2 protein chains.
Amino acid sequence: MKISTRGRYALRLMIELAMNQDGDPVRIKDVAVRQDISAKYLEQIVSVLVKARYVRSIRGPQGGYRLTRKPEEYCVGDIIRLIEGDMAPVSCLEDEENHCPRQAGCVTLRIWKELDEAIRSVLDKYTLADLVQWQEELSQNYVI
Amino acid sequence: MKISTRGRYALRLMIELAMNQDGDPVRIKDVAVRQDISAKYLEQIVSVLVKARYVRSIRGPQGGYRLTRKPEEYCVGDIIRLIEGDMAPVSCLEDEENHCPRQAGCVTLRIWKELDEAIRSVLDKYTLADLVQWQEELSQNYVI
DNA sequence: AGATAATCATACAAATGCAGTAGGAATATA
DNA sequence: TATATTCCTACTGCATTTGTATGATTATCT
């Protein structure tokens, strides 16, 4: 039960954008180098973010990407779920209503629901702003 | 990020065994029918449980499987992890020590650690005895 | 002893998802 | 017009998942 590279890459990309919100738009190529990710692969990932209006793209030279909102308005769970799909640990819990015919007598479901809640609460607890702040704290430690 | 059928089937199998601890050994065939799982597939899963000494097998006619310990001595996480492998949400957290070269400057790691903890705490919170009890409560409700 | 009922072992296979690679089209800048 | 960037889509290799299939082994019962 792993988070895929797509989800993790998307989050790292979003952190980079959040940290450069005041400067020029951020190019995929640069992120790819800094984060050691295939640029072509990152392109596919960012295109999902663009379509969801999480980021805005600027084409042509001096182009790149920018967040459309403030970092504190993106919670980690939103980004992960957008790229990764539903994060429910079992498919019974994906939709609003459970379609599993066994659900009435299924005691394991109770565990999965609790697990789902736990996962959700961690992922929805932090925003990009938190991650940016941690990153800045980290960098400071290294400079000193 | 889903729990596989193998892990879920294993848990349901273990619940069946826990509920029949006093009676005859439980046959795979019967569990397969009741739980609507391929018997041959279940055989493969149970063999892992046998090798780990989570259950004992009795061969030949009137044979089947039995728990080796009391239901309250199996926590859900143990069963899931045995069948499913490590449940850490990222591979960096699989081993005792993190081998990722990026770890020192990786802020997302903090999220994944917290997520790992949350998952672990839910899965390790309940034992087979809890599940058996819930199952019995459920059945009662239907009888009345 | 022999038929039978169960577990045990292993190989195979179809489907799916993951993690990219590849090639080029579209667009904006200088 | 050359260039730098995003955008689009197809393809591919690999691993994992979810089983099937076949038969060997072992114990029981008549």
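In this report, the structure presented in the accompanying data block is examined. Since the structure is predicted, the reported quantities are computational estimates derived from the model, not experimental observations.

### Structural notes on the interface of chain B and chain A
A common measure of how large an interface is: the accessible area buried when the components associate. On the chain A side, the residues contacting the 29 residues of chain B number 29 residues. Where the side of chain B that touches chain A is concerned, the elements lending two or more residues are α1 (5-19), α4 (76-84), α5 (108-123) and α6 (128-143) of chain B. It is α5 of chain B that provides the largest number of residues to the side of chain B that touches chain A, a total of nine residues.

### Some words on the packing of helix α1 (residues 5-19) of chain A against helix α4 (residues 76-84) of chain A
Residue and element names in this part refer to chain A. Packing of α1 against α4 brings their axes to within 9 Å, and their N-to-C directions diverge by 135°. When the axis of α1 is compared with that of α4, the two are oblique. By crossing handedness, the relation of α1 to α4 is classed as right-handed. Within the contact between the two elements, α1 uses Arg6, Gly7, Ala10, Leu11 and Met14 and α4 uses Val76, Ile79, Ile80, Ile83 and Glu84. Across the contact of α1 with α4, the residue classes tally to seven nonpolar, one polar and two charged.

### Here's the deal with the nonpolar core
Counting 74 residues, the largest nonpolar core has Met14 and Ile119 of chain A together with Met14 and Ile119 of chain B as the members making the most contacts within it. With near-sequence residues (within four places) excluded, isoleucine 119 of chain A lies in contact with Met87 and Pro89 of chain A together with Leu115, Ala118 and Ile119 of chain B.

### Examining the relation of the copies chain B and chain A
Of the transformation superimposing chain B on chain A, the axial component is 0.0 Å and the angular component is 180°, with the fit at an RMSD of 0.1 Å. Viewed as a symmetry operation, the transformation between the two copies matches a two-fold axis. No C-alpha of chain B approaches the rotation axis more nearly than that of methionine 1 of chain B, which lies at 2.5 Å.

### As for the protein's contact with DNA strand D
Close contacts around DNA strand D come from 25 residues, with Ser57 and Pro61 of chain A together with Ser4, Ser38 and Gly60 of chain B the closest. Residue assignment for the surface near DNA strand D shows that the elements contributing at least two residues are α2 (28-35), α3 (39-51) and β2 (64-67) of chain A together with α1 and α3 (39-51) of chain B. When residues in the surface near DNA strand D are grouped by element, the largest group, five residues, is from α3 of chain A. Taken together, the residues that form the surface near DNA strand D break down as seven nonpolar, 11 polar and seven charged.

### Focus: the protein's contact with DNA strand C
Residues in close proximity to DNA strand C total 25 residues, the closest being Ser4, Ser38 and Gly60 of chain A together with Ser57 and Pro61 of chain B. When residues of the surface near DNA strand C are traced back to their parent elements, those giving at least two are α1 and α3 of chain A together with α2 (28-35), α3 and β2 (64-67) of chain B. With four residues, α3 of chain B is the largest single contributor of residues to the surface near DNA strand C. A per-class count over the surface near DNA strand C returns six nonpolar, 12 polar and seven charged.

### Quick notes on α1 of chain B
Residue and element names in this part refer to chain B. With 15 residues, α1 ought to run about 21 Å at 1.5 Å a step, and its terminal C-alpha atoms sit 21 Å apart, in line with that. Here α1 lies mainly inside the structure; 11 of its 15 residues are buried. Those residues of α1 not exposed but buried are Gly7, Arg8, Tyr9, Ala10, Leu11, Arg12, Leu13, Met14, Ile15, Leu17 and Ala18.

### Points about the pairing of β2 of chain A
Residues and elements named next belong to chain A. Across four bridges, strand β1 (residues 55-58) lies against β2 in antiparallel orientation. Bridge pairing in β2 links arginine 56 to arginine 66. Two successive antiparallel strands, β1 and β2, enclose a turn made up of five residues, where glycine 60 displays a positive phi of approximately 80°.

Analysis parameters
Residues numbered from 1 in each chain as written. Chains lettered and ligands numbered in written order. Predicted model: local features only at pLDDT ≥ 70, side-chain atom pairs only at ≥ 80, totals over all residues. Contact = placed C-beta atoms within 7 Å. Helix = DSSP H or I, 4+ residues; strand = E, 2+ residues; numbered from the N terminus. Axes fitted to C-alpha atoms, helices over the stretch in contact; angles between N-to-C directions. Parallel < 35°, antiparallel > 145°, perpendicular 65-115°, else oblique. Left-handed = near helix turned anticlockwise from the far one by under 90°. Nonpolar A, V, L, I, M, F, W, Y, C, P; charged D, E, K, R; others polar. Core = buried A, V, L, I, M, F, W, Y, C linked by C-beta atoms within 7 Å. Buried ≥ 20, exposed ≤ 12 C-beta atoms within 10 Å, placed from the backbone. Least-squares fit on C-alpha atoms with pLDDT ≥ 70 in both. Near = placed C-beta within 6 Å. Expected span 1.5 Å × (residues − 1). Pairing = 2+ DSSP bridges.

The values reported here are purely geometric and, on their own, carry no functional implication.
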